Amino acid sequence: MRGQFVLKDVKMNKVSNIAREIGRQPVLAFGNSSGDASMFNYTIAKNKYKAMAFSLLCDDLEDDLGSTAKADKMRADCEKNGWVPVSMRDDWKTIYGYDVKVAK
């Protein structure tokens, strides 16, 4: 194998990368997919400090390429695992700016 070893920053690798880079358990985690679950759990599990994990739900079908099914599943995962759901549709006035429209 030649060149630098590349460790993709997905799923459990996120935990390994966080531990290697900062050397301690984080107190906040933000993500937008099921691939962030390991990072969320690492952040909030047995943390000696108050810790929270936030997951952005893709529930804005008007201004983004959202998916009701994916958003509903992620909301259920948030409730089950103690993560805080953040709705693109309900918790923001705008994410991309008022003049930005989704191209479908």
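Everything below is about the structure printed above this text.
Note that the structure is predicted; figures quoted are calculated from it, not measured. Along each chain, the written sequence defines residue order, and numbers are assigned to residues from 1. With pLDDT at 70 or above as the cut-off, local features in this predicted model cover only qualifying residues; side-chain atom pairs require 80 or more to be listed or tallied, and sums for whole chains, interfaces and linings still use all residues. Side-chain calculation: all heavy atoms of the structure are included, whereas hydrogens and water are not.

Pairing between two strands is assigned when DSSP locates at least 2 bridges connecting them. Secondary structure elements follow DSSP: runs of H or I no shorter than four residues count as helices, runs of E no shorter than two count as strands, and numbering proceeds from the N terminus. Pairing is parallel across the open sheet formed by 3 strands, whose spatial order is β1-β2-β3. Every other strand in the sheet has two partners, leaving β1 (28-31) and β3 (84-87) as the edge strands with one partner each. Pairs of neighbouring strands in the sheet enclose a mean axial angle of 20°, with direction left out of account. Any pair of residues with heavy atoms lying within 4.5 Å of one another is described as a contacting pair. For helices, the fitted line uses only the C-alpha atoms of the stretch in contact; every axis is such a line through C-alpha atoms, and the angle between N-to-C directions lies from 0 to 180 degrees. In this fold helix α2 (residues 37-44) packs onto β1 and β2 (52-57), with an angle of close to 165° to the strand it touches most, β1. Together, β2 and β3 form the strand contacts of helix α3 (residues 68-81), whose direction differs from that of β2 by roughly 165°.

In this section: a nonpolar patch on the surface. Patch membership requires over 30% relative accessible area and the absence of a salt bridge. Like charges are linked within 9 Å, and nonpolar side chains (Val, Leu, Ile, Met, Phe, Trp, Tyr) within 5 Å. Per-residue accessibility takes into account occlusion by the displayed protein chains alone, with areas from the Shrake-Rupley method and a 1.4 Å probe. Salt bridges are defined as contacts in which a side-chain nitrogen from Lys or Arg sits within 4 Å of a carboxyl oxygen from Asp or Glu. Taken together, Val 27, Leu 28, Phe 30 and Tyr 49 make up a surface patch of nonpolar side chains, about 430 Å² in accessible area. With respect to the element layout, Phe 30 can be found in strand β1.

Here 4 bridges tie β1 to β2, and the two strands are oriented parallel to one another. The partner of Leu 28 across the bridge, within β2, is Met 52. Crossovers are described as right-handed under a simple rule: with the strands pointing away from the observer, the path leading from the first strand over the helix to the second runs clockwise. Regarding the hand of the β-α-β motif, the stretch spanning β1, α2 and β2 is right-handed. Bridge count between β2 and β3: 4 bridges; the pairing is parallel. Each bridged residue has a counterpart across the sheet, and for Ser 55 the counterpart in β3 is Pro 85. Regarding topology, α3 serves as the crossover connection from β2 to the parallel β3, and that connection is right-handed.

Evaluation of the coordinates by the stated rule reveals 6 salt bridges. Two residues, Asp 59 and Arg 89, come together in a salt bridge whose shortest N-O distance is 3.9 Å. Here Asp 59 is found in the loop between β2 and α3, whereas its partner Arg 89 is found in the segment after β3, with 30 residues between them in sequence. A 1.4 Å probe rolled over the protein chains alone gives each residue an accessible area, and that area as a share of the maximum for its type sets the label: buried under 20%, exposed over 50%, partly exposed in between. Judged by relative accessible area, which is 47%, Arg 89 ranks as partly exposed. Asp 77 is paired through a salt bridge with Lys 73; the nearest N and O atoms lie 3.1 Å apart. Taken together, the positions of Asp 77 and Lys 73, both in helix α3 and 4 residues apart, correspond to about one turn of that helix. You can call Asp 77 buried: its relative accessible area is 17%.

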